[in-house]
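Residue-level listing of the chains:
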Amino acid sequence: MADRRLTFLLRLGSSITLWVVISLVLAWKVPAFYLALICGLALVAQWEFFRMLQSAGVQTFSVTATLLSAVFLAGGFLYHQAYTIHTGFDLVAILLLVVALLIRQVFAPIGQLASCQATVFTLFGILYIPWTFHFLSKIIFLTPPSANSVIKRSIQAKDSGYLLPGIGGALDLIDSLLFTGPFLFFYLHWTMHSL
């Protein structure tokens, strides 16, 4: 009984803290805070994802992926803040990510087949978390500023990490947003341009 109460209090405290931080970021309407929140959550979630894969014996280029994802998220945020929203940036960014991972594979000393597998899983990790999550930053810039989880089960992991006591990691927190973000973006984009 005491364990359940402690678990409940940890989850409640983590949830309240998280929503206070998110509410303050949204209330202040400072683009740098949005960027820090989106990059922070996505990169921590991605790191947890790669750590789960590695604990299951799957090799990845996690450091390279984290650096590429940080550049992609920050670049996408700054690009969409300065210019109009369109898919050209995404296509070029994904092409550059693939090229960068292929170059990384050439210099990987882990064996030819293992390097190919690591490249595929690393690319999937980038597309699964940072790419889908960056649609949330695109949603922020849909209107002008003046206008006011299956993978965890397959490797038998309950939580992706322990960033938030009682809740789990960042991946546990944002995994439902990873697929709803792109759908919401395309729905809002279509609705706003069809009126």
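The rules we used
- Residues numbered from 1 in each chain as written.
- Predicted model: local features only at pLDDT ≥ 70, side-chain atom pairs only at ≥ 80, totals over all residues.
- Heavy atoms only, no water.
- 1 Å grid on protein atoms, 1.4 Å probe; cavity = no way out; pocket = protein on both sides within 12 Å on 5 of 7 lines; lining within 4 Å.
- Points joined across faces, edges and corners; volume = space filled by probe spheres on them.
- Helix = DSSP H or I, 4+ residues; strand = E, 2+ residues; numbered from the N terminus.
- Nonpolar A, V, L, I, M, F, W, Y, C, P; charged D, E, K, R; others polar.
- Core = buried A, V, L, I, M, F, W, Y, C linked by side-chain atoms within 4.5 Å.
- Buried < 20%, exposed > 50% of the residue type's maximum accessible area, 1.4 Å probe, protein only.
- Phe/Tyr/Trp six-rings, centres within 6.5 Å; stacked < 30°, edge-to-face > 60°.

### Comments concerning the layout of surface pockets
Empty space left among the atoms is revealed by rolling a probe the size of a water molecule over them.
In step 1: Approximately 160 Å³ is the volume attributed to the second largest pocket.
In step 2: Looking at the second largest pocket, the residues that line it are L68, V71, F72, G75, F89, V92, A93, L96 and L97.
In step 3: Contributions of two or more residues to the lining of the second largest pocket are made by α3 (62-82) and α4 (88-106).
In step 4: Taken together, the residues of the lining of the second largest pocket break down into eight nonpolar, one polar and no charged.

### Quick word on the nonpolar core
In step 1: F49, L73, F77, I129 and F133 are the most contacted members of the largest nonpolar core, which totals 28 residues.
In step 2: At the level of secondary structure, the elements contributing two or more residues to this core comprise α2 (31-55), α3, α4 and α5 (112-133).
In step 3: In terms of residues, this core owes the most to one element, α2, which gives twelve residues.

### What about the packing of aromatic side chains?
In step 1: This structure, assessed with the given rule, holds eleven aromatic pairs.
In step 2: For the ring pair W28 and F33, a centre distance of 5.4 Å and an interplane angle of 55 degrees mean the geometry is tilted.
In step 3: A relative accessible area of 35% places F33 in the partly exposed class.
In step 4: Seen from their ring centres, F72 and F89 are 6.1 Å apart, and the 15 degrees between their planes marks the pair as stacked. Of this pair, F72 sits in helix α3 while F89 sits in helix α4, and the two are 17 residues apart along the sequence. For the pair F72 and F89, one class covers both residues: buried.
In step 5: Taken together, F49, F50, F124 and Y128 form an aromatic cluster joined through their ring pairs.

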